[in-house]
Amino acid sequence: MRKSILIGGVIMALANASGGALAGPWEDGMAAYNRGDYMPAIRLFRPLAEKGNPKAQSVIGVMYRKGEGVARSSARAFMWFSLAAARGDAKAKAELHEVSRDMTPAEIAQAQDMMQTCEASNYRQCEY
């Protein structure tokens, strides 16, 4: 027990000395996003989204809606918000409603097809 506490203390000391913190992909992605470093953020969020993480899916939807690190696309934003909303993400449901207000019925149908293709391919065909 004492050995594991000592090792944990050494790891924390090294992390603090290097100026970094030990974090996972979500925390690293949010840090990058919040400082406006969108390319690393989306690279960190995408694998989480592809594993079904609704929060990561919702953030990717926001990035497509705003054109942050990716080409602005209401259809792709709708797709990612739909995936997140289907997993119970309340923010994604609200965002889905907002983004759909600016889309034609044909664009919504295309986005729904994209979502179904994305899910059916186990997230391998989510980008066109």
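None of these values were measured; they are calculated from a predicted model. (Residues numbered from 1 in each chain as written. Predicted model: local features only at pLDDT ≥ 70, side-chain atom pairs only at ≥ 80, totals over all residues. Heavy atoms only, no water.)

A. Spatial organisation of the packing of helix α5 (residues 74-86) against helix α7 (residues 105-120). For the pair α5 and α7, interaxial distance at closest approach is 8 Å and the crossing angle is 55 degrees. Taken together, the axes of α5 and α7 lie oblique to each other. The handedness of the crossing between α5 and α7 comes out as right-handed. Each of A75, R76, F78, M79, S82 and L83 in α5 lies in contact with α7, whose residues at this interface are I108, Q110, A111, Q112, M114, M115, C118 and E119. Residue classes in the contact of α5 with α7 are distributed as nine nonpolar, three polar and two charged. (Axes fitted to C-alpha atoms, helices over the stretch in contact; angles between N-to-C directions. Helix = DSSP H or I, 4+ residues; strand = E, 2+ residues; numbered from the N terminus. Parallel < 35°, antiparallel > 145°, perpendicular 65-115°, else oblique. Left-handed = near helix turned anticlockwise from the far one by under 90°. Contact = heavy atoms within 4.5 Å. Nonpolar A, V, L, I, M, F, W, Y, C, P; charged D, E, K, R; others polar.)

B. Examining the environment of Y123 more closely. Locating Y123 in the fold gives a position in the segment after α7. Apart from residues no more than four positions distant in its own chain, Y123 is found in contact with A49, E50, G52, Q57, W80, L83, R87 and C118. A polar contact is formed between the side chain of Y123 and the side chain of Q57, at a distance of 3.2 Å. There is a polar contact of 2.6 Å between the side chain of Y123 and the side chain of R87. (Polar contact = N/O pair within 3.5 Å; in protein donor to acceptor, adjacent residues only side chain to side chain.)

C. The arrangement of the environment of T117 in detail. Summarising the element assignment, T117 is placed in helix α7. On the basis of relative accessibility, which here comes to 31%, the residue T117 falls in the partly exposed class. Considered as a pair, T117 and E127 are ten residues apart in the sequence and their alpha carbons are 9.9 Å apart. (Buried < 20%, exposed > 50% of the residue type's maximum accessible area, 1.4 Å probe, protein only.)

D. Local environment of helix α3 (residues 38-50). Here α3 spans 18 Å end to end across 13 residues, near enough to the 18 Å set by a 1.5 Å rise per residue. Restricting attention to buried positions, one finds in α3 the residues A41, I42, F45, R46, L48 and A49. Of the surrounding elements, those touching the buried residues of α3 are α2 (25-34), α4 (54-66) and α5. Positive backbone phi, at 95 degrees, marks G52, one or two positions downstream of α3. (Expected span 1.5 Å × (residues − 1).)

Keep in mind these values describe shape, not function.
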